[in-house]
Amino acid sequence: MQPLRLFDIPDDCVILVLGYLLVCDLCCLDSVGRTVLRSAYRYLELETCGRVYSKHVLQWLSVRKVKVHRLDLSGLLTVQDEDLHSLSASRVRRLSLSGCHLISDNTLALLSQDDNHLEALNLHDCPLISDAGVQCLARGCAHLTDLNLLGCNNVTDAAVLALSIGCCHDSLQQLDLYACTGVTDCGLEHLAQGCAHLTHLNVSYCHDITDQGLKSLSEGPTSTVLSVLELNSCDSITDEGLGFLAQGCQKLTKLALAGCVEVSDAGLRFLSERLTLLSSLDLSECAQVTDEGIGYICHGCHNLINLELYGCCEITNRALQYISLGCAELRSLDLSACPELSDTGLLYVGKRCHQLTALKVAGCERISSTALMFLSVGCTALTSLDLSNCSISDRGIEYLSESCSQLSTLTLTDCLITDTSLLSITKSFPLMTSLGLSYCDLITNEGLIHLSEGLCQLAILDVSGCSNISNQGLLYVCDGCPMLSEVDVSECDSISSTCFGELLRRYPKLQLTFGMDGDYKMYGSY
């Protein structure tokens, strides 16, 4: 039987097969069956081509006139406006230009041309983007549903006005204006009135947003559909603004108020009375929040599955008692830098929060190994635990090892553990992918050898500041943990540059951080 040749396959079948390949594979195929493939490329539409790491691939797409529905150019620092001019932009539905610092408003004008189907555009950290470019999108992209302008500092209320009255005003559902400091209450008023289908809005670090802006949001058509609102570090927002939200935006499921320093218990009372659908609430560094405010939230917001209280210095174990009684379905809880919390508080959590999968208590120095005994009894579903700077010893890790076998991320920075704990971790947590041991001064090479004998899934290891480990231990753990991709050995004075070189030659995909304060990063095949 004669072997089937590429030339014998019907063109429509060739196109179907090519549609399953990545762009890098298609580039390689250029040298095989050149005429047949090149004619097929003109009819090829790829759903996605994966992340593009080279301008060469982008140029290939342009020359071959391949149509791509999803294109990710994020982090491609050298890409410029002219590199996108010949791309079949009319077929691109989702495009990420995140971190492409040379992209300007000219590209947005190109994307906004007639017959475009653009639905999602990520312009995160594109400093040359301004109101003019966003105005082009607003005029020409009638299908746009998701626009990320995070960190585009030249974007102001003028751009927001254009979006609210342009042809995309009725399709826009997600808008990220994080750190667009030129956006004010006026911009929120435009959005509230003009974007009736907006469900996700991020105006974090827009410092000119005040209670008046929230009043506008709560009174416009947007209020009936808005489900996610991020207001982190909008430090002019007060309890009055939260009252407006509670009154008008009752579909909210996620609210982020981290760093809103004027928010107090009174504002949380407003939220608890009306926002019963809340599933995620971030109150990090809201310094005026006390146990009373947490009590209000737990009484009214029983659907919470994520609660962040990082740096809420006034809360005590009483707040954790409220949480255990009113929000027993929590999946994620951040209590880092809450200095008044102790083992008693985690006793309450362990008794009732049986669905908890992620817990952070970093910097809670009054939490000891006894707390882990309580957690090991009731929180057996834990997959992520941060115990940095807590009073944890080998005994605490032993408690965890008895029933928390699902742990995959564990951070023990500056804890009083020894190699014995690393032996327990190796035996009890086979799913461990990330382990933080920085400044655990009692860890030695023997502990790293233990890790090398059982943690075959370990991808990230931080042993920075562990003064008692040397070349031998590092080589053992890298040899024994084949999935390792990131290792931090900053301030490990006993590890030599010769060892670094050997590791990077052996493991081409390894990222190694070393030096004082992690000053240097090196990658395999350096």
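Residues numbered from 1 in each chain as written. Predicted model: local features only at pLDDT ≥ 70, side-chain atom pairs only at ≥ 80, totals over all residues. Heavy atoms only, no water.

1. Considerations on the overall build of the protein chain
- When helices and strands are counted, the protein chain shows 21 helices and 20 strands.
- Split into buried and exposed, the 526 residues of the protein chain put 53% on the buried side.
- Intrachain contacts of the protein chain at a sequence separation of at least 6 include 75% that bridge at least 24 residues.
- Put simply, the protein chain shows about 22,100 Å² of open surface, and 51% of that area lies on carbon and sulfur atoms. (Helix = DSSP H or I, 4+ residues; strand = E, 2+ residues; numbered from the N terminus. Buried < 20%, exposed > 50% of the residue type's maximum accessible area, 1.4 Å probe, protein only. Contact = heavy atoms within 4.5 Å. Areas by Shrake-Rupley, 256 points an atom, 1.4 Å probe, with all protein chains shown as cover.)

2. Section: the nonpolar core
- Counting 147 residues, the largest nonpolar core has Leu121, Leu201 and Ile323 as its most contacted members.
- Setting aside its immediate chain neighbours within four residues, Ile323 contacts Ile294, Cys298, Leu307, Leu309, Ala328, Leu330, Leu333 and Cys353. (Core = buried A, V, L, I, M, F, W, Y, C linked by side-chain atoms within 4.5 Å.)

3. Some thoughts on the packing of helix H10 (residues 211–219) against helix H11 (residues 239–248)
- Taken N-terminus to C-terminus, the directions of H10 and H11 make an angle of 5°; their axes are 8 Å apart at the nearest point. Comparing the axis directions of H10 and H11 gives the class roughly parallel. Where H10 abuts H11, its residues Asp211, Leu214, Lys215 and Ser218 lie against Glu240, Gly241, Phe244, Leu245 and Gly248.
- Of the residues assigned to the contact of H10 with H11, the class counts are three nonpolar, three polar and three charged. (Axes fitted to C-alpha atoms, helices over the stretch in contact; angles between N-to-C directions. Parallel < 35°, antiparallel > 145°, perpendicular 65-115°, else oblique. Nonpolar A, V, L, I, M, F, W, Y, C, P; charged D, E, K, R; others polar.)

4. With respect to the pattern of salt bridges
- Overall, the coordinates contain seven salt bridges when judged by the stated rule.
- In this structure, Arg506 and Asp479 form a salt bridge, with 2.8 Å as the shortest nitrogen-oxygen distance. Placement of the pair is Arg506 in helix H21 (residues 497–506) and Asp479 in helix H20 (residues 471–480), with a sequence separation of 27 residues.
- The exposure class of Asp479 is partly exposed, given its relative accessible area of 43%. (Salt bridge = Lys/Arg side-chain N within 4 Å of Asp/Glu carboxyl O.)

5. A word on the state of the cysteines
- Applying the stated rule across the entire model yields zero disulfides.
- Between Cys234, a free cysteine, and Cys260, which holds the nearest cysteine sulfur, the sulfur-to-sulfur gap is 5.8 Å.
- Cys499 carries a free sulfur, and the closest cysteine sulfur to it, the one in Cys478, is 7.5 Å from it.
- Under the relative-accessibility criterion, Cys499 is labelled buried at 4%. (Disulfide = S-S within 2.5 Å.)

6. A few points about the side chain of Ser438
- Tracing the chain through its elements places Ser438 in the loop between strand S16 (434–436) and helix H19 (445–452).
- Setting aside chain neighbours within four positions, we find Ser438 in contact with Thr413, Asp414, Asp462, Val463, Ser464 and Cys466.

7. Digging into the pairing of strand S19 (residues 511–514)
- Here S19 shows no split at all, with Gln511 and Thr513 on one side and Leu512 and Phe514 on the other all buried.
- The pairing of strand S18 (residues 486–488) with S19 spans three bridges and is classified as parallel. Directly across from Val487, in S19, lies its bridge partner Leu512.
- A crossover connection joins S18 to the parallel S19 through H21; in handedness this β-α-β unit is right-handed. (Pairing = 2+ DSSP bridges. Right-handed = clockwise from strand over helix to strand, strands pointing away.)

8. Side note on the environment of Gly350
- Structurally, the position occupied by Gly350 is in helix H15 (residues 343–352).
- Residue Gly350 is classed as buried on the basis of its relative accessible area, which comes to 6%.
- Put simply, Gly350 and Val377 are 27 residues apart on the chain and 6.7 Å apart in space, counted from C-alpha to C-alpha.
- Not counting residues within four places of it along the chain, the set of residues in contact with Gly350 comprises Phe374, Gly378 and Cys379.

9. Examining unusual backbone geometry
- Within the chain, Ala337 stands out as a residue other than glycine whose phi angle is a positive 60°.
- Secondary-structure assignment places Ala337 in the loop between strand S12 (332–334) and H15.

10. A closer look at the packing of helix H17 (residues 394–403) against helix H18 (residues 419–428)
- Axis separation between H17 and H18 bottoms out at 9 Å; the angle between their running directions is 10°. The orientation of H17 relative to H18 falls into the category roughly parallel. Along the contact surface, H17 presents Asp394, Ile397 and Ser401, while H18 presents Thr420, Ser421, Ser424, Ile425 and Ser428.
- Across the contact of H17 with H18, the residue classes break down as two nonpolar, five polar and one charged.

11. Observations regarding H17
- The set of residues buried in H17 consists of Gly396, Ile397, Tyr399, Leu400 and Ser401.
- Packing partners of the buried residues in H17 comprise helix H16 (369–378), strand S14 (384–386) and H18.

12. Remarks on the environment of Tyr310
- Note that Tyr310 resides in the loop between strand S11 (306–308) and helix H14 (317–326).
- According to the relative accessible area criterion, Tyr310 is partly exposed, its value standing at 37%.
- Remark: the alpha-carbon pair of Tyr310 and Gly259, spanning 51 residues in sequence, is separated by 10.0 Å.
- Contact partners of Tyr310, with chain neighbours within four places excluded, come to Ser284, Glu285, Asp334, Ser336 and Ala337.

13. Concerning the confidence of the model for the protein chain
- Model confidence for the protein chain is summarised by a mean pLDDT of 89, while 85% of its residues fall at 70 or above.
- Under a pLDDT of 50 for its full length, residues 31–45 has, in the predicted model, 35 contacts with residues more than four places off or in other chains. (pLDDT = per-residue confidence, 0-100.)

14. A word on the packing of aromatic side chains
- Using the criterion set out here, one finds two aromatic pairs in the structure.
- Ring centres of Tyr178 and Tyr205 lie 5.1 Å apart, and the angle between their planes is 45°; on these two criteria the pair is classed as tilted. Residue Tyr178 is found in the loop between strand S6 (174–176) and helix H9 (185–194), and its partner Tyr205 is found in the loop between strand S7 (200–202) and H10; the two are separated by 27 residues along the sequence.
- Classification of Tyr178 as partly exposed rests on a relative accessible area of 27%.
- Under the relative-accessibility criterion, Tyr205 is labelled partly exposed at 33%.
- On the numbers, 4.4 Å between centres and 35° between planes, the contact of Phe500 with Phe514 is tilted. (Phe/Tyr/Trp six-rings, centres within 6.5 Å; stacked < 30°, edge-to-face > 60°.)

15. Things to note about the environment of Cys313
- Structurally, Cys313 can be placed in the loop between S11 and H14.
- Assessed through its relative accessible area of 39%, Cys313 is described here as partly exposed.
- Through-space distance from the C-alpha of Cys313 to that of Leu341 is 9.2 Å; in sequence the pair is 28 residues apart.
- Not counting chain neighbours up to four residues away, the residues in contact with Cys313 comprise Ala337, Pro339 and Glu340.

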